[in-house]
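Structural overview for review
Listed here are the chains, written in short residue letters.
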Amino acid sequence: MRSIYIGILGLWGCVFNLFAGNEGQVTRLTLTDAIHLAQKRSVDAAVALNELKTAYWEYRTHKAEQLPEIIFTGTVPSYYKQYSKYQQADGSYTYVSNNVLGMNGELSIEQNIALTGGKIALTSSLDFTRQLGHGAYSEFMSVPVGLTLTQPLFGVNDQKWKRRIEPVRYEEAKATYLANVEEVTVTTITHYFNLLLAKEVLTSCRQNLENANKLYEVAIAKRKIGQISEVELKRLRQSALQAKADQTEAGSNLNAMMFQLRSFLGLSESDTLDPVMPESVPDLHLDYQQVLNKAVENNAFTKNIRRRQLEADYDVATAKGNRRSINLFASVGYTGQDQTLSRAYNSLRSNQIVEVGFSIPILDWGKRKGQVKVAESNREVIRSRIRQEQMDFNQNVFLLVENFNNQSEQLTIAAEVDALAESRYQVAIQTFLVGQIDLLDLSDAQNAKDLARQEHIQALYAYWKYYYDIRGITLYDFWNNRTLDAEFEMLIRP
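The text that follows walks through the structure, step by step, so that each part is easy to find. Remember, it's a predicted structure, so these values are computed and weren't measured experimentally.

Some words on the overall build of the protein
Assigned secondary structure in the protein consists of 10 helices and 10 strands. The globule rule puts the C-alpha radius of gyration for 494 residues at 23 Å, and the 39 Å found for the protein is more than 25% above it. Sequence separation of at least 24 residues holds for 75% of the intrachain contacts in the protein that already meet a minimum separation of 6. Element-wise, carbon and sulfur atoms account for 53% of the exposed surface of the protein, whose accessible area totals about 29,700 Å².

A short note on the side chain of Thr 335
For Thr 335, the position within the fold is in strand β7 (residues 325–338). Engagement of the side chain of Thr 335 in a polar contact is seen with the backbone oxygen of Ser 142, the distance being 2.9 Å.

Quick notes on the packing of helix α2 (residues 31–41) against helix α4 (residues 158–224)
α4 packs onto α2 with a crossing angle of 135 degrees between their chain directions and a minimal axis gap of 9 Å. With respect to α4, the axis of α2 lies oblique. For the crossing formed where α2 meets α4, the hand is right-handed. Packed against α2, whose contacting residues are Leu 31, Ala 34, Ile 35, Ala 38 and Gln 39, the element α4 presents Val 181, Val 184, Thr 185, Thr 188, Ile 189, Tyr 192 and Phe 193 at the interface. Residue classes in the contact of α2 with α4 are distributed as 9 nonpolar, 3 polar and no charged.

Overview of the pattern of salt bridges
Counted according to the given criterion, the structure contains 26 salt bridges. For Arg 169, the salt bridge is made with Glu 311, and the minimal N-O distance between the two is 2.8 Å. On the criterion of sequence distance, the pair formed by Arg 169 in helix α4 and Glu 311 in helix α7 (residues 300–321) is long-range, its members being 142 residues apart. For Arg 169, a relative accessible area of 28% corresponds to the partly exposed category. Taking the shortest distance from any N to any O, the salt bridge between Lys 214 and Glu 210 comes out at 3.3 Å. Highlighted residues: Lys 214 and Glu 210, both in helix α4, separated by 4 residues, approximately one helical turn. Using a relative accessible area of 46% as the deciding quantity, one classes Lys 214 as partly exposed.

Criteria and cut-off values
- Residues numbered from 1 in each chain as written.
- Predicted model: local features only at pLDDT ≥ 70, side-chain atom pairs only at ≥ 80, totals over all residues.
- Heavy atoms only, no water.
- Helix = DSSP H or I, 4+ residues; strand = E, 2+ residues; numbered from the N terminus.
- Rg over C-alpha atoms; globule rule 2.2 N^0.38 Å.
- Contact = heavy atoms within 4.5 Å.
- Areas by Shrake-Rupley, 256 points an atom, 1.4 Å probe, with all protein chains shown as cover.
- Polar contact = N/O pair within 3.5 Å; in protein donor to acceptor, adjacent residues only side chain to side chain.
- Axes fitted to C-alpha atoms, helices over the stretch in contact; angles between N-to-C directions.
- Parallel < 35°, antiparallel > 145°, perpendicular 65-115°, else oblique.
- Left-handed = near helix turned anticlockwise from the far one by under 90°.
- Nonpolar A, V, L, I, M, F, W, Y, C, P; charged D, E, K, R; others polar.
- Salt bridge = Lys/Arg side-chain N within 4 Å of Asp/Glu carboxyl O.
- Buried < 20%, exposed > 50% of the residue type's maximum accessible area, 1.4 Å probe, protein only.

Spelled out as structure tokens, the structure:
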């Protein structure tokens, strides 16, 4: 617990350092800081969280449907004053006045039956009628207790299918949320390294401009004593001007990259970010089969396949159940009637209803059979697509693992080339000053130095991107050997 508290304090300290201080403060930002901020403040992270909340409440609604529901319904009051047509004993018609005030209420406890797909309800109701006008009177009718069963026969059991599909759907939503968080991380890495690269390019441009100006000053002195030609002097002057133009362009690009990262992290435009070059990377070599097993175990894709298979089977079962419709309705209980409320609950009489309704097509020209065939064909299409998607999924995992393992070696090479190119450039400057190489050789060393630095940063970016792509597809942290998880209940609570 102590380590958890220390970690929380460290994170809040990082956030505090980012936002504390005067306006326009330069803030050193590590890659880890940027990832933490993006997962907490970015719009993409907020969208992922709200999608998770939607899925959570849909699942909660499904679970609530399996529990008893208490319902009170009533009409207070109901008043009618109208004339209605009435046929007399001799066949003639007359109109009679109907002037009545009524009230009714019913309390019921309803429960879905998951095993059969029906519904059972325990009810109690009271109805009051007051005839107004000449010969006014009141009447009460009570149903102290009644038991009602509604049951479809031979049809599809929606409750059974929902109990199979909805938990898978929610597990898919949780895995999708974790993958979306990792996608936020990958986007953060892209913006971060774009800014870092722009910073390094600007640093190189400033160094090149400073060196170009020094070389031009030395060249002026050498020209005065005749050691270099006027053409070489002008070429050095041109190089100095080009270096100044490159610095201006690099500065504009740095501001653009910084704006993108600030916007993604939800920071103020007055904040100046100073990205820090990551010093180390995890020493990992991943095994394809291990990564594939983790991906199959944790990725939302596996849950998505299972859900789509179940939904296709459900559609077929529904189409088959619609070929005939037979419903059972049964109600048993007691009822009482009197002009006083208390006596309406005495001398109760039996109240029973049993109905079996059915609808069986005699001739539908193959319509319902066609609906079954369409559902079965759609199921086969989904199965074929799933097989192809599984192959593509496995191939994607394989390529990610191969690229990550190769990138580790590429990063080592890029770092060594970067150091060698920088050393070569420094030697080239000194050699040029003593006149042992010409300006073309110096320019080539400078370009090689700049290119090596940029390729080093690009290699570092590719390494981290591949690593977090693998984390996103497996939902597993291979560096710390743990499954990615989240306190979903804590995230969803308002």
